[in-house]
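# Close look at the chain arrangement
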Amino acid sequence: MTDKKISENQFIDENTVINNPSPQSIATSGSDIPRNGESRRKVDQTYWSLVKHQYRKNKLAVAALYVVLVLVLMAIFADFLANDKPIYCSYKGTSYFPVIKQYLVDLGLTKWEPELLNVDWKNLEFDTEIWPLVRYSPNGVDLFNNAAPPSWESGHYLGTDAIGRDVLAGLIHGSRVSLSVGFIAAGIAIFIGVILGALAGYYGGKIDLAIMRFVEIMQLFPAFFLIITIVALYGSSIWYIMIAIGLTSWTGNTKLVRGEILKVKNMDYVQAAVSLGLSNARIIFRHVLPNAIAPVLIAASFEIAGAILAEAGLSFLGFGVAATQVTWGSVLSEARGATSSWWLAVFPGFMIFITVVAYNLVGEGLRDALDPRLRD
Amino acid sequence: MTQYVLKRVLLFIPTLIAITLITFTISRLAPGDPTELKVGISGENLKADEKSLLNEQAKEYYRQKWGLDKPIHIQYLVWLGNMVTGDFGNSFVDNRPVLDKILERIPITATISIIVVALIYIIAIPIGIYSAARQYSFTDRFTTFILFVLYSLPSFWVATMAIVFLANVEYIKIFPTSGLYTLGSDNWTFFEKLIDRAHHLVLPVICSSLASFAFLSRQMRGSMLEVIRQDYIRTARAKGLKEKKVILKHALRNSLIPIITLLGGILPGLISGSVIIETIFSIPGMGQLAFQALIARDYPLIMAELVLAAILTMIGLLLVDIMYAIVDPRITFSKR
C-alpha cells in the first residue's frame, strides 16, 4: 500500500508541468479517455497500475525506491536526527521540546527563556531527556574531538573533521541540499525540455528547426564545465546551483519529448481533438503530452541522479553552497587536506554513491516498467 | 561526401557565432566586477580615502585597458573580431595571451584523453560482446551489475579514496599523489622517464575512465543484443556457422556502428571531467587551468576555454559523422 503511494507521488512530483497526468487507459488511441478521478479508483486495468505491477517485479528497483524514501525522510527530519538540542527534556520541572521550539524561534513566534539562550544543552542537568540519534549539529564544533575517528563513546559515530564538526550530523543535514538540488534542478530541466520539445514536435517547421539547432549547440558545451562557470561567476547560492544545473541539462528531454510527440501527433485521437476545435495549448497539454511523457519520467530519475552528482562535484571543488552549510561534497573535499582522516573520504562519498545508485536504479526500473521494448 | 563535409564546415560559422554569443552572455551578465581583483592588494600604509581614490583610478585604468567601458555589443564584436584572428585576449591574471596559456596545456589533457578513450574502447567492447553473447548467464548478470556500480561511482570520490588509501604513507603508498613526474627526474634515461610518467598517470586515467567505460560497455552489450536478433544472424546460424564466427565476424561489425557515434557524447564529458580530475591530482592541463581561471574570475581565459571546448567537440562530432559514413555504406549524405 505504501509502496503504491510512493510510486504515484513519484510520478506526480516529477512532472508538475502537466497539471494532471491523468492515468490514461491502455486503449490510448481510442476516444474513450477516462475522466479524471474515476479511473484512479479502477485499479485493475489502468496504465499506471500495469506500470506499478511491472515495476514491482524488479526487486532491486523496489529496494531503490525505499532507499529514496529513507533519504527523503532523512532530509525532512534532519533536525530530529542530528541536533545539539534534545528532542524532549524536562528542565527544572518544566517540559521543553527544544528542537520544535527552535523552529518557532526561527520563525519569530516565540523566544528562548534567558536561562536557555545560547546554552550548551549537553551540560545541563535534566530530569528526563530524549536526545536525537546524533547529539551534534552539523556546524557544532567539538573542541575536544577534532579529527577524531569514528567512535561509539564520544558519540561521533562517523568521526569528526579537522575543526571538530560531526561527520554524521553533516551527512544527515547535507541530504537536504543534495535532494533539493536534485529535485528542483531536474524539475527545471524537465520544464524547459518538455515545453521546447512540445513546441518543436507539435508545430514542426521553422520552430522545430530553430529549437533543434539550439539543442545541438547547447550539447557542444561540456555540461559540468558550464555549470561551474555559471556558479563561479554568478555566486554560490543554492538557487544558482539549481538553475545552472537545470539550464544545462534540458537538451535530452527536448529531444525525447519531440520524438514522442512526433509519434502521437498523427494519431486519430489528436486529429479528433483538432477537429473539435480545441486550442493548441489544450491539445498539447491535455491530449498529446500525457501520452508522450513516459520517457521523460525515466529521464527524470536519471537527471536527479546527475544533478545530485553535479552538486556534490561543485561542493567538492569549493563552488558549492555557502561555506557555512555542510554538504556531502564539502565533507568529502575535506579529505583531500586531511588524508589521515580516512572517514572523511569514505562516508560522504558513499552517501553520494548510494543516492546516485538509488535514483539510477529507480530510473532503470521505470524504464523496464514503462516501455518493455527498451528492455535489454 | 565532400559536398556534405563542406556543408557541415560552412555550418560551423553560424554555430560558432551562437557558441560565442552564449559564452559572452554568460560571462558578461555575471554580477561582480573583474577589476575588483586588481585592486586593494598593495598600499597598506596609505590612508583609507587615499587608498580608495587610488583604487578607483586603478579600476578605471583596467576597465579601459580591458575594454569594459565600451557598450556591451561593441565589446562582443571586438572580442569576436579578435578571436577570428586567433587573439583570445590576455589573461587578467598575468597578462599573457590566453591562447598561449591554453595551447601549452592542451598536449597534457589531449594525451590523457586519448589514453582514456583508447583504453575504454579496447576494454569495453570485448566485455560488451561477451556479456551479450552469454545473455542472462551468471557472468552477464555479474558484469552488468558491476558496470552499473561503476557507472554510478562519482569520479571525485574514487580519486579521493585513491589518494587517501593508495597514495598515502599511512596506509599504502604505491602511487604518487600529484603532478606528472617526479621532481628531479630531468636527467633520468628516456625509459625511466616513461615509466615515471605512466606511474603518475595510472590513477588519473582510471578515475576519468570509469564512468565512460561502464557506459560504453553497457551500450556495446545493448547494440550487440540488437544485432543478434536480426534475420541475417539467424541465417548465419542456420547455415551451421560456429557461434564464435557468427558473433565475431557477422554480428560484431554492425554492432560497432552505433558505438562510434557515442564518442561524440564522451568527448565533452572528458573535458568536464578533466576539470575535477586534474584539480585533484594537480595535473597542469586544460582542466586545472579552467579551475584556476574560474577561481580568479579570469574572464578572457574562461571564455576561451568554453569556446575552445565547444569547437573541439564540434570538430569531433564531424569526424564521428564522417567515420560513420565510412564504416556503414548504407549511410549516404548526398541524397536524402
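Predicted model only: the values in this text are computed from it and were never measured.

## As for the overall build of chain B
Within chain B, the regular secondary structure consists of 13 helices and 0 strands. With the C-alpha coordinates of chain B rotated into their principal frame, the extents come out at 90 × 60 × 40 Å. Per-residue burial for chain B yields a buried fraction of 32% across its 336 residues. In chain B, once contacts between residues fewer than 6 apart in sequence are set aside, the share between residues at least 24 apart is 71%.

## A few points about the packing of helix α16 (residues 342-370) of chain A against helix α7 (residues 155-165) of chain B
Between α16 of chain A and α7 of chain B, whose axes approach to 10 Å, the crossing angle comes to 160°. The orientation of α16 of chain A with respect to α7 of chain B, classified from their angle, is roughly antiparallel. The chirality of how α16 of chain A crosses α7 of chain B is left-handed. Note on element contacts: α7 of chain B touches α16 of chain A through Trp157, Thr160, Met161 and Val164 of chain B, opposite Trp342, Ala345, Gly349, Ile352 and Phe353 of chain A. When grouped by side-chain class, the residues that make up the contact of α16 of chain A with α7 of chain B number 7 nonpolar, 2 polar and no charged.

## Quick look at the interface of chain B and chain A
Residue-level contacts link 37 residues of chain B with 33 residues of chain A. Going through the elements one at a time, α1 (2-29), α7, α8 (190-228), α11 (263-280), α12 (286-296) and α13 (299-327) of chain B are the ones with two or more residues in the side of chain B that touches chain A. A per-element tally of the side of chain B that touches chain A places α11 of chain B first, with 7 residues. Its residues assigned to classes, the side of chain B that touches chain A comprises 26 nonpolar, 9 polar and 2 charged.

## Examining the pairing of strand β1 (residues 88-91) of chain A
When a strand is regular, its side chains alternate between the sheet's two faces. Burial along β1 of chain A is one-sided: Cys89 and Tyr91 of chain A are buried, and none of Tyr88 and Ser90 of chain A, which face the opposite way, are. In sequence, β1 of chain A turns back onto strand β2 (residues 94-96) of chain A through a hairpin of 2 residues, with Lys92 of chain A there showing a positive phi of about 50°.

## A look at the environment of Trp66 of chain B
As for its placement among the helices and strands, Trp66 of chain B is situated in the loop between α2 (48-65) and α3 (72-84). The spatial distance from the C-alpha of Trp66 of chain B to the C-alpha of Gly89 of chain B is 8.8 Å, given a sequence separation of 23 residues.

## A word on the nonpolar core
Among the nonpolar cores identified, the biggest contains 170 residues, and Ile227 and Ile228 of chain A together with Ala159 of chain B are the most heavily contacted of them. The contacts of Ala159 of chain B, once residues within four sequence positions are left out, are Leu203, Cys207, Ile277, Ile280 and Phe281 of chain B.

## Remarks on the sheet that holds β2 of chain A
Residues and elements named next belong to chain A. The strand order across the open sheet formed by 3 strands is β2-β1-β3, and the pairing between neighbours is antiparallel. Of all the strands in the sheet, just β2 and β3 (128-130) have a single pairing partner and so form its edges. In this sheet, adjacent strand axes meet at a mean angle of 20° when their direction is disregarded. Across 3 bridges, β1 lies against β3 in antiparallel orientation. Of the residues in β3, the one forming a bridge with Cys89 is Glu129.

## A word on the confidence of the model for chain A
Summary statistics for chain A give a mean pLDDT of 82 and a share of 87% for residues scoring 70 or more. Here helix α1 (residues 2-14) of chain A stands out as the element of chain A with the lowest mean pLDDT, 39, in contrast to helix α4 (residues 59-76) of chain A, whose mean of 93 is the highest.

Rules behind the numbers
- Residues numbered from 1 in each chain as written.
- Chains lettered and ligands numbered in written order.
- Predicted model: local features only at pLDDT ≥ 70, side-chain atom pairs only at ≥ 80, totals over all residues.
- Helix = DSSP H or I, 4+ residues; strand = E, 2+ residues; numbered from the N terminus.
- Buried ≥ 20, exposed ≤ 12 C-beta atoms within 10 Å, placed from the backbone.
- Contact = placed C-beta atoms within 7 Å.
- Axes fitted to C-alpha atoms, helices over the stretch in contact; angles between N-to-C directions.
- Parallel < 35°, antiparallel > 145°, perpendicular 65-115°, else oblique.
- Left-handed = near helix turned anticlockwise from the far one by under 90°.
- Nonpolar A, V, L, I, M, F, W, Y, C, P; charged D, E, K, R; others polar.
- Pairing = 2+ DSSP bridges.
- Core = buried A, V, L, I, M, F, W, Y, C linked by C-beta atoms within 7 Å.
- pLDDT = per-residue confidence, 0-100.

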